[in-house]
Amino acid sequence: MRLSTRNQLDGTVISVTRGEAMAVIRVRLNGGDEITSSITRDAADDLGLGTGSPVKVLIKSTEVALGVE
């Protein structure tokens, strides 16, 4: 599949926490950094996500906010 999203990062799922409606997926990116994604539980099930699953993290956002104290 070809996608227009330019921010595509390869990684491996390190944890899946399923709630009633949502799932929180933690991914270790190639290079060691980690990123978290919240998706619907149905989507996590449809994708067959589990610990060790290889994934491509797609980031498409019109806003990225940062904060410091």
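Structural data are supplied above this passage.
In this text the structure is predicted, and so the values were computed from the model without any measurement.

Engineer: With reference to specific residues and values, describe the layout of surface pockets.
Structural biologist: When its volume is computed, the largest pocket comes out at roughly 310 Å³. As for the largest pocket, its lining consists of Ile25, Val27, Ile35, Thr36, Ser37, Ile39, Leu47, Leu49, Val55, Lys56, Val57 and Leu58. Within the residue set of the lining of the largest pocket, elements represented by two or more residues are β2 (22-29), β3 (34-40) and β4 (54-59). Across the lining of the largest pocket, the residue classes break down as nine nonpolar, two polar and one charged.

Engineer: So what about the nonpolar core? Which residues, and what values?
Structural biologist: Val13, Ala23, Ile25, Val27, Leu29, Ala44, Leu49, Val55 and Val57 form the largest nonpolar core, which has nine residues in total. Taken together, the elements giving at least two residues each to this core come down to β2 and β4. Broken down by element, this core gets its largest block of residues, four residues, from β2. Leave out the neighbours within four places in its chain, and Ala44 touches Arg18, Ala23, Ile25, Ile39 and Leu49.

Engineer: Account for the environment of Gly11, with residues named and values stated.
Structural biologist: Topologically, Gly11 is positioned in strand β1 (residues 7-18). It is 6.0 Å that separates the C-alpha atoms of Gly11 and Pro54, two residues lying 43 residues apart in sequence.

Engineer: I'd love a proper account of the side chain of Thr5, names of residues and values included.
Structural biologist: Tracing the backbone shows Thr5 in the segment before β1. When sequence neighbours within four positions are dropped, the list of residues in contact with Thr5 reads Leu58, Ile59 and Lys60.

Engineer: I'd love a proper account of the pattern of salt bridges, names of residues and values included.
Structural biologist: Within this structure, the stated rule accounts for five salt bridges. Connected through shared salt-bridge partners, Arg18, Arg41 and Asp45 make up one network.

How each quantity is defined
- Counting restarts for each chain: residues are numbered from 1 in the order of the written sequence.
- In view of the model being predicted, local features appear only for residues whose pLDDT reaches at least 70, and side-chain atom pairs are presented and counted only at 80 or more, with totals across whole chains, interfaces and linings using the full set of residues.
- Heavy atoms throughout the structure, all of them, feed into the side-chain values; hydrogens and water do not.
- Space inside and on the surface of the protein is sampled on a 1 Å grid over the protein atoms alone, with a cavity defined as a set of points where a 1.4 Å probe fits but cannot get out and a pocket as an open set with protein on both sides within 12 Å along at least 5 of 7 lines; lining residues have an atom within 4 Å of a point.
- Grid points are joined across faces, edges and corners, and a volume is the space filled by probe spheres set on the points.
- Helix and strand assignments come from DSSP, with helices taken as H or I runs of at least 4 residues and strands as E runs of at least 2, each series counted from the N terminus.
- Residues are grouped as follows: Ala, Val, Leu, Ile, Met, Phe, Trp, Tyr, Cys and Pro are nonpolar; Asp, Glu, Lys and Arg are charged; every other residue, Gly included, is polar.
- Take the buried residues of types Ala, Val, Leu, Ile, Met, Phe, Trp, Tyr and Cys, join any two whose side-chain atoms come within 4.5 Å, and each joined set is a nonpolar core.
- Here the term buried applies to any residue with accessible area under 20% of the maximum for its type, exposed to any over 50%, and partly exposed to those in between, with areas from a 1.4 Å probe on protein chains only.
- Only heavy atoms matter for contacts: two residues are in contact if any of them lie within 4.5 Å across the pair.
- Should a side-chain nitrogen of Lys or Arg be within 4 Å of a carboxyl oxygen of Asp or Glu, the pair is scored as a salt bridge.

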